[in-house]
Structures are given as C-alpha cells and as structure tokens.
Amino acid sequence: MPRPLKIAIAGALGRMGRQMAETIPADPRLELVARFHRPGSTGEGLDERDEALALADVVIDFTTPAASAELARACAARGGPALVIGSTGFDAAELETIAKAAEKIAVVRSGSYSLGLNMLTGLVEQAARALSADDCDIEILEAHHRLKVDAPSGTALMLGEAAARGRAVSLDDVARRARDGLTGPRPAGEIGFAVLRGGSVVGEHSVSFLSEGERLTLSHAAGDRSMFARGAIAAALWVAGQPPGEYDMRDVLGFGAQ
Ligand SMILES: NC(=O)C1=CN([C@@H]2O[C@H](COP(=O)(O)OP(=O)(O)OC[C@H]3O[C@@H](n4cnc5c(N)ncnc54)[C@H](OP(=O)(O)O)[C@@H]3O)[C@@H](O)[C@H]2O)C=CC1
Ligand SMILES: O=C(O)C1=N[C@H](C(=O)O)C[C@H](O)C1
C-alpha cells in the first residue's frame with residue numbers, strides 16, 4: 001500500500017478550510033500534515049506557512065485571489081508542493097502569476113470541485129453547440145450565501161466558458177455581466193449573467209437556453225460543502241503525479257475535450 005499523500009490546508013479558518021479539515025482525516029489515502037492561515041495567525045493548531053509547505057506533497061487552497069496567487073508564487077519558488085486552488089474572483093494579473101508558477105509546479109484550479117457541476121459544463125457545451133445564437137439566448141443565473149464576496153461566481157464563469165466553447169466564441173467577447181437602466185433589446189449571441197445573494201445558500205447555478213416559445217434550463221444545486229471537499233481531494237490525489245502545468249477538473253476527471 002502506498003504511503004498516504006501529505007496534505008496542507010491553506011485558509012484553515014475559512015468555511016472551506018474547516019470543511020477540508022473535517023473531510024481529509026476520514027480518507028485513508030491522505031495525511032493532514034499542516035493547516036495554515038494568514039501570515040502570523042497562530043493558535044487553533046495552526047502552522048506557519050513555510051513550515052507547512054516543507055511538509056506537504058499538495059496544498060489545498062480555498063482563500064482569496066490575492067492569497068492564492070501569492071501561495072502559487074511561493075510554492076513555485078521552492079519547487080513544490082503541488083497546488084489545488086479553489087479560490088474564485090481572480091483578476092488578469094493574479095491569473096498570470098498562477099500561470100507563471102505552473103511552469104514550475106503542477107496546479108489544478110477550478111471554480112467548482114463538484115463532480116455534478118463539472119458534468120453540467122459538458123451538457124451546457126453540448127446544448128450551446130446545438131442551439132444557434134441566431135434564435136436562442138443563453139442566460140446564467142447563480143445564487144450564493146450573503147457572505148460571498150465575488151460575482152459572478154467562479155462556477156457561473158465556468159458555465160459561461162462552456163457555453164462559449166460550444167458556440168466557438170470567446171466569453172470575453174459575448175459576456176453581459178450585469179444589466180441596469182435603459183439597456184436596449186438583447187443582442188443576439190450575448191451570454192448573460194444574473195446574481196442573487198442572501199442567507200446561507202451554498203451554491204445554485206442554472207443555464208437557460210431561451211428561444212421563441214420555449215426554454216430549456218440545466219441546473220445544479222449544492223446541498224453542502226462536503227462535495228467540494230471530496231472533489232478537491234480527488235484533484236489532490238491526481239495532481240501529485242503530474243508534471244508542471246495548469247490543469248482543471250476536466251483533466252482530473254478525464255473528461256478531456258468535450
Ligand atoms: N472551487 C470550489 O469548488 C469552491 C470555491 N470556493 C471559493 O473559495 C474561496 C474561499 O471560500 P470560503 O471558504 O467560503 O471563504 P472564507 O472567507 O470563509 O475563507 C477564506 C479564508 O481565507 C483566509 N485568508 C485570507 N487571506 C489569506 C492568506 N493570505 N493566507 C491564508 N488565508 C487567508 C481568510 O481569512 P480571514 O477570515 O482572516 O479574512 C478566510 O478565513 C472563495 O473564493 C470561494 O468562492 C468556495 C467553495 C467551493
Ligand atoms: O463562495 C462560495 O461559497 C462558492 N464559490 C464557488 C464559486 O464562486 O462558484 C463555488 C461554490 O459555488 C461556492
């Protein structure tokens with residue numbers, strides 16, 4: 001039997017950090033070797049970041065875009081460990097930092113570690129390919145708890161990317177990320193986003209394909225955070241054996257080009 005994979009958790013005191021600390025010890029393939037939070041955060045069994053990086057094969061990180069980019073830089077500078085990034089809301093510079101780090105270490109980054117949601121991206125791509133932009137409008141709706149700080153969610157953007165792939169266009173060229181005021185009629189080909197925030201909603205996403213007289217809606221609802229943790233664990237087990245590069249859950253799940 002191979003030795004357990006050594007995991008460190010970044011953002012240990014956050015909602016997902018605490019969920020990871022609950023889920024990892026129940027998996028015999030893993031050993032939780034360290035948990036760290038912000039630099040200088042102590043107590044509650046926390047480790048210093050650099051000590052944690054020295055102990056781990058893989059770091060699982062659900063923090064903030066800035067913290068994830070800095071962590072990727074630090075992991076790359078020391079030649080490891082590999083990284084599983086769950087944070088969302090990155091800007092272009094942060095994505096560039098992660099891409100640079102991925103020249104030195106293996107990184108999985110996904111807006112959603114849910115298996116069902118990643119399956120949904122394949123269905124969305126397929127539907128978008130089949131339903132022409134001339135007479136079918138794509139709208140993405142997401143709902144999350146009141147404490148979420150980024151919008152649209154990373155998952156909504158993943159679904160938008162899937163729809164854009166299906167239509168062979170760039171999401172940046174067709175995304176309508178908000179509407180307010182006198183917006184005019186909806187241009188054909190747009191992929192629209194709408195956002196709801198409130199209460200304790202873990203995460204709900206739907207993609208609607210609207211044409212004259214009918215609407216097809218594909219949707220996913222997260223019941224709790226444990227399935228994100230299980231997906232991140234699958235990514236950690238997979239990424240440990242990979243050469244440097246930036247990967248996503250389609251690589252982990254073997255979905256390949258859809
Ligand atoms: N990909 C996926 O499947 C999922 C992604 N997410 C994403 O993961 C991220 C975290 O979500 P969630 O756990 O709900 O959010 P939380 O705010 O509960 O947790 C994030 C934690 O990161 C901490 N943090 C901030 N800066 C640093 C740093 N430099 N080093 C270490 N820790 C730091 C924060 O500390 P402090 O509290 O002190 O600010 C906070 O506790 C979000 O971007 C969210 O969208 C969430 C669920 C699933
Ligand atoms: O912040 C959250 O909570 C979540 N964030 C991710 C996202 O932005 O899509 C994943 C999940 O929906 C929960």
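Every value quoted in this text rests on a predicted model; they were computed, and no experiment measured them.

Examining the site of ligand 2
Taken together, Thr88, Gly111, Ser112, His144, Lys148, Ser153, Gly154, Thr155 and Gly203 make up the full set of residues adjacent to ligand 2. Across the shell around ligand 2, the residue classes tally to no nonpolar, 8 polar and 1 charged. In this structure, the shell around ligand 2 is formed jointly by two domains, domain 1 (5-113 + 225-253) and domain 2 (115-221), each of which donates at least three residues.

Considering the UniProt feature "binding site: NADP(+)" (unreviewed entry) in the chain
Following the UniProt record, the feature "binding site: NADP(+)" (unreviewed entry) maps to Arg49 here. If sequence neighbours within four positions are ignored, arginine 49 has contacts with Phe36 and Pro39.

A closer look at the domain arrangement of the chain
In many analyses, interface size is given as the accessible surface area lost on bringing the parts together. The domain boundaries assigned to the chain delineate domain 1 (5-113 + 225-253) and domain 2 (115-221). At the junction of the two partners, domain 1 supplies 9 residues and domain 2 supplies 11 residues. Of all the elements, helix 9 (residues 249-253) adds the most residues to the side of domain 1 that touches domain 2, at 3 residues. Of the residues assigned to the side of domain 1 that touches domain 2, the class counts are 2 nonpolar, 5 polar and 2 charged.

What to know about the sheet that holds strand 2 (residues 30-36)
If you trace the 6 strands from one edge of the open sheet to the other, you get 2-1-3-4-5-11, paired in parallel fashion. Unpaired on one side and paired on the other, strand 2 and strand 11 (245-247) mark the two borders of the sheet. Across this sheet, the average inter-strand angle for adjacent strands is 20°, counted without regard to direction. Here 3 bridges tie strand 4 (residues 82-85) to strand 5 (residues 106-109), and the two strands are oriented parallel to one another. When the bridges of strand 5 are listed, leucine 83 appears paired with valine 107. Running at roughly 155° to strand 1 (residues 5-10), helix 1 (residues 15-23) makes contact with strand 1, strand 2 and strand 3 (58-61) of the sheet. Running over the sheet, helix 4 (residues 92-101) touches strand 4, strand 5 and strand 11 and is turned about 145° from strand 5.

A closer look at the site of ligand 1
The environment of ligand 1 is made up of 22 residues, and the closest members are Gly11, Gly14, Met16, Ala67 and Gly86. Tallied by class, the residues present in the shell around ligand 1 amount to 7 nonpolar, 13 polar and 2 charged.

Conventions used here
All chains use their own residue numbering, which begins from 1 and follows the written sequence. To label them, take the chains in the order written and letter them from A, then take the ligands in the order written and number them from 1. Per-residue local features are limited, in this predicted model, to residues with pLDDT of at least 70; the limit for side-chain atom pairs, both in listing and counting, is 80 or more; totals at the level of whole chains, interfaces and linings are taken over all residues. For each residue, a C-beta atom is positioned from the backbone; the residue is called near a molecule or strand if that atom sits within 6 Å of it. All residues other than Ala, Val, Leu, Ile, Met, Phe, Trp, Tyr, Cys, Pro, Asp, Glu, Lys and Arg, Gly among them, are scored as polar; the first ten of these are nonpolar and the last four charged. All domain edges in this entry derive from an automatic or database-based domain assignment. UniProt positions are given in the numbering used here, feature names are shortened, and annotations may be inferred rather than shown by experiment. Contact between residues is assigned whenever the C-beta positions, reconstructed from backbone atoms, fall within 7 Å. Only runs of H or I of at least four residues qualify as helices and only runs of E of at least two qualify as strands under DSSP, and these elements are numbered from the N terminus. The pairing criterion is simple: DSSP has to find at least two bridges between the two strands. For helices, the axis comes from a line fit to the C-alpha atoms of the stretch in contact; other axes are also lines fit to C-alpha atoms, and the angle between any two N-to-C directions lies between 0 and 180 degrees.

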